[in-house]
Amino acid sequence: MKINIKQIKSKYQNQISLAIANNYEAVMIPLECEYDLYCLDNIDDEEYILALADDYGWDKFILIDLIKKEEQIFDLYKLEVA
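The paragraphs below set out a description of the structure included in this document. These numbers come from a predicted model, not from an experiment.

1. Things to note about the overall build of the protein
- For the protein, the helix and strand inventory stands at four helices and four strands.
- The C-alpha atoms of the protein give 12 Å as radius of gyration, which agrees with the globular expectation for 82 residues (12 Å, within 12%).
- Expressed as a percentage of its 82 residues, the buried residues of the protein come to 33%.
- By element, 46% of the accessible surface of the protein is carried by carbon and sulfur atoms, the whole surface being about 5800 Å².
- Between the centroid of the 8 positive side chains of the protein and the centroid of its 17 negative side chains there is a distance of 13 Å.

Structure, rendered in structure tokens:
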């Protein structure tokens with residue numbers, strides 16, 4: 001399944017802009033697109049980010065680093081198998 005990050009980001013563009021204006025370091029966007037994104041003050045703690053996604057029940061999500069302008073797709077199922 002090909003994931004179109006550009007299309008998903010466009011759906012959340014207003015929320016991403018608000019996160020940038022409020023000086024958040026990153027946002028997590030669920031790939032299911034029926035949930036709100038989650039803003040992160042600190043992007044350095046990957047264990048916290050993965051635990052947070054697990055708590056919300058997000059198997060797959062996009063992590064957008066608002067400082068470095070980088071995007072990364074996480075799949076918790078693949079991470080557990082590895």
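2. Thoughts on the pairing of strand β1 (residues 26-30)
- Within β1, five of the five residues are buried, which leaves it mostly tucked inside the rest of the structure.
- Relative to strand β2 (residues 38-40), β1 runs antiparallel, the two being bridged by three bridges. Residue Ala26 lies in a different strand from β2, and its bridge partner there is Leu40.

3. Thoughts on the environment of Leu50
- Examined against the element boundaries, Leu50 turns out to sit in helix α3 (residues 46-56).
- A relative accessible area of 22% means that Leu50 is categorised as partly exposed.
- As for Leu50 and Leu76, which are separated by 26 residues in sequence, their C-alpha atoms are 7.6 Å apart.

4. Quick word on the side chain of Asp65
- Within the secondary structure, Asp65 is located in strand β3 (residues 60-65).
- A polar contact of 2.9 Å, which involves the side chain of Asp65, links it to the backbone nitrogen of Ile67.
- The contacts of Asp65, once residues within four sequence positions are left out, are Glu25, Ala26, Ile43 and Glu70.

5. Some remarks on unusual backbone geometry
- The backbone of Asn23 shows a phi angle near 60 degrees, a positive value even though the residue is not glycine.
- Relative to the helices and strands, Asn23 resides in the loop between α2 (13-21) and β1.
- Positive phi values are uncommon outside glycine, yet Lys69 reaches one of about 60 degrees.
- Summarising the element assignment, Lys69 is placed in the loop between β3 and β4 (70-75).
- Exposure remark for Lys69: the relative accessible area of 64% places this residue in the exposed category.

The rules behind these values
Residues numbered from 1 in each chain as written. Predicted model: local features only at pLDDT ≥ 70, side-chain atom pairs only at ≥ 80, totals over all residues. Heavy atoms only, no water. Helix = DSSP H or I, 4+ residues; strand = E, 2+ residues; numbered from the N terminus. Rg over C-alpha atoms; globule rule 2.2 N^0.38 Å. Buried < 20%, exposed > 50% of the residue type's maximum accessible area, 1.4 Å probe, protein only. Areas by Shrake-Rupley, 256 points an atom, 1.4 Å probe, with all protein chains shown as cover. Lys, Arg positive; Asp, Glu negative; His and termini not counted. Charge placed at Lys NZ, Arg CZ, Asp CG, Glu CD. Pairing = 2+ DSSP bridges. Polar contact = N/O pair within 3.5 Å; in protein donor to acceptor, adjacent residues only side chain to side chain. Contact = heavy atoms within 4.5 Å.

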